[in-house]
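# Tertiary structure, described
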Amino acid sequence: MFSSWALDGPEVQMTKIISQTLAGEFAVGDGEPAVDLQQALRDFVQRRALLHAAYFAHRIPGRPPGEHVVATTYAPAWVRHYFDQEYFRIDPVVSVDRSTLLPVDWNSLDRSPKRIRQFFGEASEFGVGRQGLAVPVRGPLGDRAIFAVTSNASGAEWDDIRRELMRDIVIAAQVFHQKAMSDLKLYELTDVRPLSRRELECLQWAAAGKTMQDIAVLVGISERMTRAYLDSARYKLNAQNIAQAVARGVSHGLISAG
Amino acid sequence: MLMIIESHEAARFERFTSAMFRLRKKVFVDHGKWDLPVEGDMEIDRYDREEGCVYLLSVDETTNHVRGSLRLMPTTGPHLMRDVFADWFEDPVVLESPAIWEVTRFCIDPEHQRGPYTARGLNLATSELLLGLASLANDMGLTHVTGLCHAGMMAVVKRSKWAPEIVGVSDAPATGRVYLGVWDVSAEVVARLAEASGLSPASLFGGKQVAVAA
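Rules behind the numbers
Residues numbered from 1 in each chain as written. Chains lettered and ligands numbered in written order. Predicted model: local features only at pLDDT ≥ 70, side-chain atom pairs only at ≥ 80, totals over all residues. Heavy atoms only, no water. Helix = DSSP H or I, 4+ residues; strand = E, 2+ residues; numbered from the N terminus. Contact = heavy atoms within 4.5 Å. pLDDT = per-residue confidence, 0-100. Phe/Tyr/Trp six-rings, centres within 6.5 Å; stacked < 30°, edge-to-face > 60°. Buried < 20%, exposed > 50% of the residue type's maximum accessible area, 1.4 Å probe, protein only. Lys NZ or Arg CZ within 6 Å of the ring centre and 35° of its normal. Core = buried A, V, L, I, M, F, W, Y, C linked by side-chain atoms within 4.5 Å. Polar contact = N/O pair within 3.5 Å; in protein donor to acceptor, adjacent residues only side chain to side chain. Axes fitted to C-alpha atoms, helices over the stretch in contact; angles between N-to-C directions. Parallel < 35°, antiparallel > 145°, perpendicular 65-115°, else oblique. Left-handed = near helix turned anticlockwise from the far one by under 90°. Nonpolar A, V, L, I, M, F, W, Y, C, P; charged D, E, K, R; others polar. Salt bridge = Lys/Arg side-chain N within 4 Å of Asp/Glu carboxyl O.

## Focus on the environment of Asn 64 of chain B
All names here are of chain B. With respect to the helices and strands, the residue Asn 64 is situated in the loop between strand E4 (54-59) and strand E5 (66-74). It is 7.8 Å that separates the C-alpha atoms of Asn 64 and Phe 16, two residues lying 48 residues apart in sequence. Contacts of Asn 64, omitting those with residues within four sequence positions, involve Arg 15, Phe 16 and Val 59.

Right under this line is the structure:
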């Protein structure tokens, strides 16, 4: 399920399908197969015993105004119903989130208006899930997106799941977004933001196969800072993991191989 | 009491955000002599106006007086270290990651530097802001927060139970000596700050519910 629709002012219409699909090499974590965005979302939820995931890019600089990117693992029938009913007008996850920076647990949303109750009722009939978490994504060019995951866990279980997976979800949200924006050519793979000296040092040791603990000792910094530098290097290189960051660093001539 | 306000909600919480902008002018421009844009008696920049940020405010729940505040922004988009501060450092550390957010404009009203105090004898506004920051950052899944501190604030945070790693020092003309700190975020940090202050993370946000907190 990959489609895009255009939004002009308050009037939202499903007018446009981007012909280019988000296909190509893509993985979250190590050793995942090359897949498209929807398959990557499916793999992400399966590996973590979540129910569904959805990605929605709602601000894409340089594209026609209001062009959006959507990929979900929801049942196609729900997505069709969602657009037929124009639920994007009232969906609190979508409408609340446009300018929000903090993650939103669906439990914290006001469900008292009748239409919102009906919306969540129908979503649940289509198997969307009892629990949900939406993470806003902000990119380097003013690009913005929302990544949401859902679960059928009970309230108490959900609190534990969310706490345990939060970091994973926050990183994954950005990785999915980087993938989508790179495929739209918004981010060119040649666009690499400058890496600091420490980031390069840590990445160079990672290229030599050193572990986080080794690198900390070799560079003479804490493990926590090592983690921060490597994560930042990964992000700046538009990479999904450290291995890919090393490969990109080498191909850009920033570090030497092995 | 601690409030979380996002910049897009500033109008709805105008009374508190105006007080915060006035406090920031008092602390950074009037006292600190930082060269920052001001609008009347308020210090407001383009990040507040355009880019979007999250504010933490320590508020006296009986008088609604803003005792201190800080500003949080994701480092994946426009932020001060990337756009402004990097030029101030010879070897700048610009961390960018969805798991690392930037703290700026951390300030305590000079009137409140001598109290009130928590039951454990720590400054209440400082304790609320540090515990609130650690707790929110941990709930959001962050691994670190990073930020620039002037010497006075750095002295305060170094004495706290959440000392940062200092990864840069600069004598910038606009601000005088500033330090770039990186704070690690974990449940242990939250527990340690709660223990030290006697405050409870759960009861900290008397005003608005944190979205990520169930």
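## Considering the confidence of the model for chain A
Taken residue by residue, chain A gives an average pLDDT of 80. The fraction at 70 or more is 83%. Here residues 1-34 of chain A is a poorly scored stretch, pLDDT under 50, and it has 96 contacts once near neighbours within four places are set aside; other chains count.

## Some details on the packing of aromatic side chains
Applying the stated rule across the entire model yields 16 aromatic pairs over all chains. With 5.7 Å between their ring centres and 70° between their planes, Phe 44 of chain A and Phe 147 of chain A make a pair best called edge-to-face. Taken together, the residues Phe 44 of chain A in helix H1 (residues 37-47) and Phe 147 of chain A in strand E8 (residues 144-151) connect sequence positions 103 residues apart. Look at Phe 44 of chain A and you get buried, because its relative accessible area is 1%. Looking at Phe 147 of chain A, the relative accessible area reads 0%, which means it is buried. Ring centres of Phe 85 of chain B and Trp 88 of chain B lie 4.8 Å apart, and the angle between their planes is 50°; on these two criteria the pair is classed as tilted. A relative accessible area of 22% places Trp 88 of chain B in the partly exposed class. Three or more aromatic residues joined by ring pairs make a cluster, and in this case those are Trp 78, Tyr 82, Tyr 87, Trp 106, Phe 119, Phe 120 and Phe 126 of chain A. Here the basic side chain of Arg 111 of chain A rests over the ring of Phe 120 of chain A, its NZ or CZ set 3.9 Å away from the ring centre.

## Describing the nonpolar core
Within the largest apolar cluster, 54 residues are counted, with the highest numbers of intra-cluster contacts made by Leu 203 of chain A together with Met 3, Phe 16 and Leu 57 of chain B. With sequence-adjacent residues up to four places away left out, Phe 16 of chain B is seen in contact with Met 3, Ile 5, Leu 57, Val 59, Asn 64 and Val 66 of chain B. Counting 39 residues, the second largest nonpolar core, distinct from the first, contains Leu 70, Leu 124, Met 154 and Trp 162 of chain B.

## Things to note about the environment of Lys 25 of chain B
Residues and elements named next belong to chain B. One can find Lys 25 in helix H1 (residues 14-31). Using a relative accessible area of 17% as the deciding quantity, one classes Lys 25 as buried. Separated by 151 residues in sequence, Lys 25 and Gly 176 place their C-alpha atoms 16 Å apart.

## Some details on the side chain of Ser 58 of chain B
All names here are of chain B. Looking at the element boundaries, Ser 58 is found in strand E4. Taking relative accessible area as the criterion, Ser 58 reaches 0% and is therefore assigned buried. A distance of 2.8 Å separates the side chain of Ser 58 from the side chain of Glu 128, its partner in a polar contact. The residues touching Ser 58, leaving out its near neighbours within four places in the chain, are Met 1, Leu 2, His 65, Val 66, Arg 67, Gly 68, Ala 125, Glu 128 and Leu 129.

## Here we look at the packing of helix H2 (residues 76-84) of chain A against helix H4 (residues 114-125) of chain A
Residue and element names in this part refer to chain A. Contact pair H2 / H4: the axes reach a minimum separation of 10 Å and the direction vectors enclose 160°. Taken together, the axes of H2 and H4 are roughly antiparallel relative to one another. Between H2 and H4 lies a crossing whose hand is right-handed. Mapping the contact onto sequence places Trp 78, His 81 and Tyr 82 in H2 and Phe 119, Glu 122 and Ala 123 in H4. Taken together, the residues of the contact of H2 with H4 sort by class into four nonpolar, one polar and one charged.

## Concerning the pattern of salt bridges
All names here are of chain B. Tallied over the full model, the rule gives 28 salt bridges over all chains. The closest approach of N and O atoms between Asp 109 and Lys 26, which form a salt bridge, is 3.0 Å. With Asp 109 in the loop between strand E6 (100-108) and helix H4 (124-139) and Lys 26 in helix H1, this pair connects stretches of sequence that are 83 residues apart. With a closest N to O distance of 2.9 Å, Glu 43 and Arg 105 form a salt bridge. Of the two residues, Glu 43 sits in strand E3 (residues 42-43) while Arg 105 sits in strand E6, which places them 62 residues apart along the sequence. Take Glu 43 and Arg 105: they sit in the same class, and that class is buried. Each of Arg 24, Glu 43, Asp 45, Asp 48, Arg 71 and Arg 105 takes part in a single network of salt bridges with overlapping partners.

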